[in-house]
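Tertiary structure, described
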Amino acid sequence: MPVFALALLLLALLPDVAAACPVCFDARDENRQAFLATTVFLSLFPLGMVTGVGMWIRKRSREIGPDQEDGWE
Amino acid sequence: MSAHSATANLESRPEPVRREKLIPNGVMGMLMFIFTELMFFGGLISAHTIVRSQVAGQMWPPFGQPRLPVEQTAVNTAALMASGFVLVLTWFAFRRDPDRARIPLIISIGLGAFFVLFQGAEWVALLGEGLTMTSSTYGGFFYLIVGAHGLHALGALVAMGWAWYKLDRGQLTGHQLATISAFWYFVVLVWPLLYWRVYL
């Protein structure tokens, strides 16, 4: 328990702003919003595509039984 | 275990069931290619959004650069959308009777060719007005994004022309049509996003 409390305390006190990308900052609000929006877009887009295809394959797998035609021909 | 009992064991096993493919190889390969292309266009659009947000005073197009033909391109966009819709009809016609798919496929190709030719005419006019790759980041992004899409459209049209050639000889398979259609649907469906971000 003391270890857990210490870990929480460190997590609360130690983190600081990390200027990891020197170009991803601009005083203008429009520019910051554009960076945020495109980061979210490019992060979630591939995940969404892979999830979408996975769900489609699962649906197709349930639709066609082992002895049925696949419907492509 | 004797050879006789091993053979008997094999014979008592149930026959393996041959399951049809969930996705044809061609369609799967095309989907993987389309994913990479979507990320390519996603990257271009993201870069365009960032650069546009950095323009002082939000003046877009920048001073001295011509305005893009929004209205004319909207008509061209409608032609491309119609081409995609007719290709869906082509698929259903092909499922009923391949011979009945000839006319919708050639209409779809014609509408797609109209789109590419109209884009070419638009480029000639814009070059005449002074918008070039090097005239500004506005021009650079326009030719890069719209040009990349145009090249994809051209490639897809060549593939559809090949599909029509095979269909005319009764050699086109459903897998081939599905693979080529997937690419054309990508070209059609990505365009409204590009139009919204680049033209509007």
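Reading the values: the criteria
- Residues numbered from 1 in each chain as written.
- Chains lettered and ligands numbered in written order.
- Predicted model: local features only at pLDDT ≥ 70, side-chain atom pairs only at ≥ 80, totals over all residues.
- Helix = DSSP H or I, 4+ residues; strand = E, 2+ residues; numbered from the N terminus.
- Buried ≥ 20, exposed ≤ 12 C-beta atoms within 10 Å, placed from the backbone.
- Core = buried A, V, L, I, M, F, W, Y, C linked by C-beta atoms within 7 Å.
- Contact = placed C-beta atoms within 7 Å.
- Axes fitted to C-alpha atoms, helices over the stretch in contact; angles between N-to-C directions.
- Parallel < 35°, antiparallel > 145°, perpendicular 65-115°, else oblique.
- Left-handed = near helix turned anticlockwise from the far one by under 90°.
- Nonpolar A, V, L, I, M, F, W, Y, C, P; charged D, E, K, R; others polar.

Summing up its helical and strand segments, chain A has 2 helices and 0 strands in all. For chain A, the residues scored as buried account for 1% of the 73 residues in total.

Our focus in this paragraph is the nonpolar core. Residues and elements named next belong to chain B. With 26 residues, the main nonpolar core has Ala156, Met160, Ala163, Ile180, Phe183, Trp184 and Val187 as its most contacted residues. Of all the secondary structure elements, the ones that give two or more residues to this core are α2 (25–53), α3 (70–96), α4 (102–128), α5 (137–168) and α6 (174–199). By residue number, the principal contributor to this core is α6, which donates 8 residues. Ignoring anything within four residues of it in the chain, the contact list for Phe183 reads Met30, Ile34, Ala156 and Ala159. Core analysis: the second largest hydrophobic core is formed by 6 residues, Leu131, Tyr138, Val146 and Val198 among them.

Looking now at the environment of Asp29 of chain A. As for its placement among the helices and strands, Asp29 of chain A is situated in helix α2 (residues 29–63). C-alpha of Asp29 of chain A to C-alpha of Leu11 of chain A: the two residues are 18 residues apart in sequence and 29 Å apart in space.

Turning next to the packing of α2 of chain B against α5 of chain B. All names here are of chain B. Between α2 and α5, the shortest axis-to-axis distance is 11 Å and the interhelical angle comes to 160°. Between α2 and α5, the angle is such that the two are roughly antiparallel. α2 and α5 meet at a crossing whose hand is left-handed. On α5, the residues touching Leu44, His48 and Val51 of α2 are Thr137, Phe141, Leu144, Ile145 and Ala148. Across the contact of α2 with α5, the residue classes break down as 6 nonpolar, 2 polar and no charged.

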